[in-house]
Amino acid sequence: MSSISKSPWVIHYDGSSCNGCDIEVLAALMPRFDVERFGVINTGNPKHADILLLTGSINEQNKPVVQNIYNQMPEPKVVLALGICATSGGIFRECYNVMGGADKAVPVDLYVPGCAIRPEAIIDAVVQALGILEKKRAAMNAAAV
Amino acid sequence: MSNRTIIPFGPQHPVLPEPIHLDLVVEDEKVVEAIPSIGFIHRGLEKLVEKKDFIDFVYVAERICGICSYIHGMTYCMSVEQLLKLEIPDRAQYLRTIWSELSRIHSHLLWLGLTADSFGFESLFMQSWRIRESILDIIEETTGGRVIFGAAKVGGVRRDVSSVKLDEIMKKLRVYQKEINTIGSVFLNDTTVKHRMQGVGVLSQADAKSLGAVGPMLRGSGVSQDMRMTGYASYGKIGFTPVVETAGDCYARTKVRILEIAQSVDIIQKCIEQIKEGPIEVKVIGMPDGEYFARTEQPRGEVIYYAKGNGTKFLQRMRVRTPTFANLAPLLATLRGCQLADVPVIVLTIDPCISCAER
């Protein structure tokens, strides 16, 4: 286990969600659930982040923003699609301004459905993301040698 | 004269849980103008009324916003019920009022936390959200959901709450009220917090009226206007006087919200005292026909639902005017001339809910 999975930093971006999932992402960082005790820190700077938490679906206007955040994050990185909107578009799938889930803009590692997603599910997803981060890191190291 | 610089604020910014972009034109540290660009969260859900029938659309209306979710759903139901000429039973009206006020308490606590975060008071942020979790527990116990709980439906409410449970809720709320008073006094009396909020982002009464501000933004500027005065749901039976402050700055708006939390607890108490046993829903008969405006008070201000039916199960047109959208113009006016460091605090004091505004 390397340092990266002992204290993963997360960055959150709201694609076009209804706010429910965003608020639950923040709630997961609060005293009741308190993921900070596991070293998970919410950062506003993509250059410091290991895990991208995406909520909400993708549209023409926010696609470049999401891609920009993703490209600024250093390798290895993991993208989590939180909530049913980020997974597939959910209830808004038929809306004219919804292209679909987060995978329309960036490669997604884990899909976490729920409307609105519960903080427990977010914590579970972040814990699973640590395993993926470790694997990606090992693959990077192997390629470097 | 110093050089003008444009500083982009958002769409991805640490104090904003949601994306909005502002181009801040600054001279030295002073903001001369703020130019917004919105549309990052536009989904176009008003057009979904053509694809989802009027009963199913409640779920979409609730997902306009995840914070004031319940009141969105309820207001939509109110507009459709008027088109169907349904008479909603008393018990359902009282339950709707109770859930509306619980939503208001959790929304205001959430806002208090985010505001504390915007001026860097991390522990106050955590404390506000800690108490908010307790309110969410009450909501979860009575409805099964945390933030989007789908308790309203066309014709009444989806679940009943037993009188034993209602008394329990009241006891809990009295305990939480004390905790809220403690953090409230930090917001209102702490010297550092006062420095960040008093005299910052002043909106005069005349401006608030002419720019069409709503909610705590309007009441913080000395205008006594609240849709709950119209007496929808069971507010008419309970009686209601809005909380009004006159200073018009960030501090006044904070004070309005803190006092409104206490007021909401009182309203819930009155509801629990007056509520009587009875049916919680009526059968939905017929198809919506005609047009109607439903107006209610959300935590952020007045929301207007316009619904137009044509006698089929799909509404012909549905339109929502959300409080954040109404508050954007006053926000831009208050940003003009402020210090760059105060921008996050001022943006937050309108209680922005971008997903409401853009839908």
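Up top is the structure these notes are about.
Here the structure is a predicted model, which is why all the values come from computation and not from measurement. (Residues numbered from 1 in each chain as written. Chains lettered and ligands numbered in written order. Predicted model: local features only at pLDDT ≥ 70, side-chain atom pairs only at ≥ 80, totals over all residues. Heavy atoms only, no water.)

(A) Main features of the overall build of chain B. Secondary structure assignment for chain B yields 13 helices and 8 strands. In summary, chain B has a C-alpha radius of gyration of 20 Å against a globular reference of 21 Å for 359 residues, a match within 12%. Across its three principal axes, chain B shows a C-alpha extent of roughly 70 × 45 × 35 Å. Taking all 359 residues of chain B together, the buried fraction comes to 62%. Partitioning the intrachain contacts of chain B with sequence separation of at least 6 by distance along the chain shows that 70% fall at a separation of at least 24. Counting every atom, chain B has about 13,000 Å² of accessible surface; 52% of that belongs to carbon and sulfur. Distance from the positive charge centre (43 side chains) to the negative charge centre (42 side chains) of chain B: 4 Å. (Helix = DSSP H or I, 4+ residues; strand = E, 2+ residues; numbered from the N terminus. Rg over C-alpha atoms; globule rule 2.2 N^0.38 Å. Buried < 20%, exposed > 50% of the residue type's maximum accessible area, 1.4 Å probe, protein only. Contact = heavy atoms within 4.5 Å. Areas by Shrake-Rupley, 256 points an atom, 1.4 Å probe, with all protein chains shown as cover. Lys, Arg positive; Asp, Glu negative; His and termini not counted. Charge placed at Lys NZ, Arg CZ, Asp CG, Glu CD.)

(B) Representation of the overall build of chain A in the model. From N to C terminus, chain A includes 5 helices and 5 strands. When the elements of chain A are put in sequence order from the N terminus, they spell out α-β-α-β-β-α-β-α-β-α. In terms of overall size, chain A behaves like a compact globule, its C-alpha atoms giving a radius of gyration of 15 Å where 145 residues would be expected to give roughly 15 Å. Burial analysis of chain A (145 residues in total) assigns 56% to the buried set. Within chain A, contacts between residues separated by at least 24 positions form 81% of all contacts whose residues are at least 6 apart in sequence. A total accessible area of about 5,900 Å² is found for chain A, and carbon and sulfur atoms account for 55% of it. Each charge class in chain A was averaged separately, 12 positive and 14 negative side chains, and the resulting centres sit 5 Å apart.

(C) Summary view of the interface of chain A and chain B. Taken residue by residue, the interface counts 38 residues in chain A and 41 residues in chain B. The interface formed by chain A and chain B holds 4 salt bridges in total. Looking at the side of chain A that touches chain B, the elements with two or more residues in it are β1 (9-14), α2 (20-28) and α3 (63-72) of chain A. Class assignment for the residues of the side of chain A that touches chain B results in 21 nonpolar, 11 polar and 6 charged. (Salt bridge = Lys/Arg side-chain N within 4 Å of Asp/Glu carboxyl O. Nonpolar A, V, L, I, M, F, W, Y, C, P; charged D, E, K, R; others polar.)

(D) Layout of the side chain of serine 57 of chain A. All names here are of chain A. By the element assignment, serine 57 lies in the loop between β3 (51-55) and α3. Classification of serine 57 by relative accessible area gives buried; the value is 0%. Side-chain polar atoms of serine 57 contact the side chain of serine 16, separated by 2.9 Å. Setting aside its immediate chain neighbours within four residues, serine 57 contacts Gly15, Ser16, Ser17, Asn62, Cys85, Ala86, Gly89, Val98 and Gly100. (Polar contact = N/O pair within 3.5 Å; in protein donor to acceptor, adjacent residues only side chain to side chain.)

(E) Inspection of the sheet that holds strand β3 (residues 30-37) of chain B at higher detail. All names here are of chain B. Read from one edge of the open sheet, 3 strands run β1-β2-β3, paired in antiparallel fashion. Whereas interior strands pair on both sides, the edge strands pair on one side only; in this sheet they are β1 (4-9) and β3. Here the average twist between neighbouring strands, direction ignored, is 25 degrees. With 7 bridges connecting them, strand β2 (residues 21-27) and β3 associate as antiparallel partners. Bridged to leucine 22 within β3 is proline 36. (Pairing = 2+ DSSP bridges. Axes fitted to C-alpha atoms, helices over the stretch in contact; angles between N-to-C directions.)

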